[in-house]
Structure formats: structure tokens, C-alpha cells
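# Summary of structural features
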Amino acid sequence: MLIPFTGPFDLITTLESGQAFRWRREEEWLTGVVFDNIIRTRRTAEGVEFECAPDDETAIAPLFRDYLRLDDDLEAICDRIRVDDRIGAALRRYPGLRVLRQEPWECLISFICSANNNVKRISVNVEDIADGFGRPLALRECRRSAFPSPAELAQVEEGELRELGLGFRAKYVAGAARIVAAGDLDLFALREADYDEALAALTTLPGVGDKVANCVLLMSLDKREAFPVDVWIDRALREWYPEHMVRVDGKPLTRAAMRPWAQAYFGEFAGYANQYLFQGRRLLGRRGDQS
DNA sequence: AGCCAGGCCCTCC
DNA sequence: GGAGGGCCTGGC
């Protein structure tokens with residue numbers, strides 16, 4: 001089925017930008033698991049082509065379109081965040097890169113798993129959680145698993161998660177699952193809450209600090225002003241905005257201070273700026289200079 | 001061998 | 001509020 005779309009959108013770059021961890025690529029095709037479906041998709045000149053299972057494509061199409069945020073006016077957003085030539089260079093380098101609108105629950109657990117971890121192993125962790133405790137899915141010869149619901153994951157012991165290789169994150173995942181499953185935190189309700197309230201709610205969860213919370217807020221809870229500061233953003237800002245990264249006493253800004261600075265500097269779509277800065281700096285490598 | 005990976009949490013100042 | 005250290009695991 002085709003989702004018609006002729007605007008700016010780079011499907012491969014977006015799905016491989018480290019926002020989501022379950023997409024796998026073969027040539028121009030990407031296969032992932034969203035909305036309890038295996039989805040196989042590619043970009044064409046006419047739009048986004050996809051097939052899915054087990055649900056009907058007509059049922060999944062609007063959800064998948066929403067997931068890809070095709071209704072966001074990307075050019076207008078980029079115009080808003082292009083406040084200098086430094087962010088401007090990153091915007092030019094990755095045309096069509098979008099921020100996803102993911103499922104909050106999986107997004108939350110994924111980024112709890114991201115703590116002091118690398119993208120490759122995060123992907124393995126998330127896949128192992130699904131294979132271990134989620135429903136099996138099939139699309140043609142492809143076999144994957146749905147991401148387990150809060151109720152399903154809440155029944156899993158920390159020890160079982162450690163056996164999967166989650167390490168110290170196992171305790172956080174198990175703890176967060178129990179809280180969400182118990183109804184003590186309604187993730188979807190946070191889409192209606194304002195940024196500060198949603199941030200405060202998320203950071204009550206174990207394993208969720210400012211960085212993880214901002215990832216979940218940006219990538220699944222509609223808070224486009226969210227600005228997660230990780231090691232890559234830390235490097236990007238210090239290298240590209242050095243004059244703004246020193247306090248009046250001469251000491252460097254802490255990460256806690258970098259976020260509000262960036263939100264004020266880039267404005268209401270700071271999260272989009274974050275994604276372009278992240279992409280730009282991450283692809284330079286650990287010690288790479290800008291070139 | 002040692003450091004690093006999309007941090008969080010706890011302790012101490 | 002801010003600095004420092006520990007933490008599972010795997011790769012280079």
C-alpha cells in the first residue's frame with residue numbers, strides 16, 4: 001500500500017537515526033515492528049510504500065503515517081530553528097530527517113535501556129525483550145515479536161531481564177513496568193500535559209533522568225521543545241557553540257544547564273534542532289573534527 | 001589493559 | 001547545585 005507523500009522526507013535516514021531501535025534495512029527496504037505489526041517499507045517518488053501483518057494495511061496506514069510525522073511541516077520547522085549557520089549546516093546535510101512519533105511505552109523502555117550503552121546493544125536489548133516476552137509475529141518469511149505490554153513486562157522478574165543482558169538497567173525496566181502497569185503513571189495522558197509537568201512525571205520513574213525523559217517526551221509524547229543532552233549533543237554544543245558553553249564564573253556549563261540554554265536558543269522546535277545536531281555530530285565519530 | 005558507549009543514582013561537599 | 005564514583009556488558 002502507498003501512503004502518498006511528495007514532501008521532504010528521508011525514510012532511511014530517519015529510521016536509522018537512533019530514535020527507534022527495531023528497524024532493519026535491506027537495500028532500500030526497512031523492516032520493523034510498530035503497532036503490534038511487522039512493517040516492511042520503502043520510500044518511493046510517490047510516497048511511502050509499505051506492507052504489514054497481521055493487521056490490514058488500511059488500518060495501519062494512518063497509524064504509520066502518524067508515526068512518521070508526515071503532517072509536520074518540515075520546511076517551516078527548519079526555517080524556525082535555522083537561527084545561525086552552524087545549525088544551518090546540519091540542516092543542509094540531512095534533508096528530510098524527521099522526528100518520529102513513537103509508541104510511548106516502547107520508547108520509554110528503549111531509552112531506559114540506552115543508559116551508558118551503545119546503539120547496537122540497545123537494539124539487541126530491545127529485540128531480546130520483545131522475543132522473550134512479546135507475541136510472535138510473521139510477515140512472509142520474516143519472524144519478529146511485538147513489544148510486550150506494560151502488564152506483560154510487569155510480570156517479568158528483574159533476574160530474567162538480567163539474563164537477557166540488560167545489566168543494571170534490568171532493575172529500572174522492571175520497576176518502571178510495575179509502575180506503569182499499576183496505572184500509577186499514564187503515559188498517553190502526558191501527551192496532553194505541558195512539557196514541565198510531563199517531565200516531572202517521567203523522572204519519577206526508576207532509570208529515568210533528564211536525558212531519558214527528554215527523549216521520550218520528544219520522540220513519543222509530542223513535546224517538540226524537549227532537548228535531550230547526551231554525550232553527542234554535549235560534544236556538538238561545546239564544539240559548535242563554545243562561546244555559550246561557559247558560565248560567568250568561567251566554568252563550563254553542566255548538562256543540566258545546557259538543556260534550558262538550547263531550548264531558549266532554538267525555540268519551540270528545539271527538539272528538531274537536537275535531532276539534526278545529534279545526527280551531525282554522531283556521524284563525525286568519537287574524536288572527529290568538523291570538516 | 002583500559003576506555004568508551006545516546007546515564008542514572010547515590011554520596012558528599 | 002555540583003562533582004565524583006559505581007554500575008552490567010561488549011567492542012575496540
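Up top is the structure.
Here goes a summary of the coordinates provided. Owing to the predicted nature of the structure, the values given are computational and were not obtained by experimental measurement.

## A closer look at the overall build of chain A
The helix and strand inventory of chain A stands at 14 helices and seven strands. By its C-alpha atoms, chain A is 55 × 45 × 35 Å across when sized along the principal axes. Taking all 291 residues of chain A together, 53% fall into the buried category. For chain A, restricting intrachain contacts to residue pairs at least 6 apart in sequence, the fraction spanning at least 24 positions comes to 65%. A total of about 13,100 Å² of accessible surface is found on chain A, and carbon and sulfur atoms cover 49% of it. Placing the 39 positive and 47 negative side-chain charges of chain A at their respective mean positions leaves the two points 6 Å apart.

## As for the sheet that holds strand E5 (residues 47-53)
The five strands lie next to each other as E1-E5-E4-E3-E2, forming an open sheet whose pairing is antiparallel. This sheet does not close on itself; its edge strands, each paired only once, are strand E1 (2-4) and strand E2 (24-26). The sheet shows a mean angle of 25 degrees between the axes of neighbouring strands, taken without regard to direction. Examined bridge by bridge, E2 and strand E3 (residues 29-34) share three bridges and lie antiparallel to one another. In the sheet register, Arg-25 faces E3, and the bridge partner there is Leu-30.

## A word on the environment of Glu-160
Structurally, Glu-160 can be placed in helix H8 (residues 158-163). Since its relative accessible area comes to 33%, Glu-160 is described here as partly exposed. Sequence spacing of Glu-160 and Ala-170 is ten residues, and the spatial spacing of their C-alpha atoms is 8.3 Å. Not counting residues within four places of it along the chain, the set of residues in contact with Glu-160 comprises Phe-133 and Gln-155.

## Section: the packing of helix H5 (residues 104-112) against helix H11 (residues 210-220)
Packing of H5 against H11 brings their axes to within 9 Å, and their N-to-C directions diverge by 150 degrees. The orientation of H5 relative to H11 falls into the category roughly antiparallel. In this structure, H5 meets H11 at a crossing whose hand is right-handed. Along its contact with H5, which presents Pro-104, Cys-107, Leu-108, Phe-111 and Ile-112, the element H11 presents Lys-211, Val-212, Cys-215, Val-216, Met-219 and Ser-220. Its residues assigned to classes, the contact of H5 with H11 comprises nine nonpolar, one polar and one charged.

## Looking at helix H13 (residues 255-266)
Taking 1.5 Å per residue as the helical rise, H13 with its twelve residues ought to reach 16 Å, and the 16 Å between its terminal C-alpha atoms agrees with that figure. Summarising the contacts, the buried residues of H13 are in contact with helix H3 (74-81), helix H4 (85-93), helix H10 (195-202), H11, helix H12 (231-240) and helix H14 (270-282). Positioned one or two residues after H13, Gly-267 has a phi angle of 90 degrees, which is positive.

## Some points on the protein's contact with DNA strand C
Every residue lining DNA strand C is accounted for by Asn-116, Arg-121, Arg-162, Gly-167, Phe-168, Arg-169, Arg-247 and Thr-254. For DNA strand C, the backbone portion of the atoms within 4 Å of the protein, that is sugar and phosphate, comes to 63%. The contact in question runs from a sugar or linking oxygen of DNA strand C to an N or O atom on the side chain of Arg-162, over 3.1 Å. Across the surface near DNA strand C, the residue classes tally to one nonpolar, three polar and four charged.

## Considerations on the protein's contact with DNA strand B
Taken together, 29 residues lie around DNA strand B, and Gly-18, Val-119, Gly-207, Gly-209 and Arg-235 are the ones closest in. Note that a base oxygen of DNA strand B is positioned 2.9 Å from one of the side-chain N or O atoms of Asn-116. Listing elements by their share of the surface near DNA strand B, those giving two or more residues are H11 and H12. For the surface near DNA strand B, the element with the highest residue contribution is H11, accounting for five residues. Its residues assigned to classes, the surface near DNA strand B comprises 14 nonpolar, nine polar and six charged.

Each value, and the rule that gives it
- Residues numbered from 1 in each chain as written.
- Chains lettered and ligands numbered in written order.
- Predicted model: local features only at pLDDT ≥ 70, side-chain atom pairs only at ≥ 80, totals over all residues.
- Heavy atoms only, no water.
- Helix = DSSP H or I, 4+ residues; strand = E, 2+ residues; numbered from the N terminus.
- Buried < 20%, exposed > 50% of the residue type's maximum accessible area, 1.4 Å probe, protein only.
- Contact = heavy atoms within 4.5 Å.
- Areas by Shrake-Rupley, 256 points an atom, 1.4 Å probe, with all protein chains shown as cover.
- Lys, Arg positive; Asp, Glu negative; His and termini not counted.
- Charge placed at Lys NZ, Arg CZ, Asp CG, Glu CD.
- Pairing = 2+ DSSP bridges.
- Axes fitted to C-alpha atoms, helices over the stretch in contact; angles between N-to-C directions.
- Parallel < 35°, antiparallel > 145°, perpendicular 65-115°, else oblique.
- Left-handed = near helix turned anticlockwise from the far one by under 90°.
- Nonpolar A, V, L, I, M, F, W, Y, C, P; charged D, E, K, R; others polar.
- Expected span 1.5 Å × (residues − 1).
- Near = heavy atom within 4 Å.
- Polar contact = N/O pair within 3.5 Å; in protein donor to acceptor, adjacent residues only side chain to side chain.

Geometry only, nothing functional implied.
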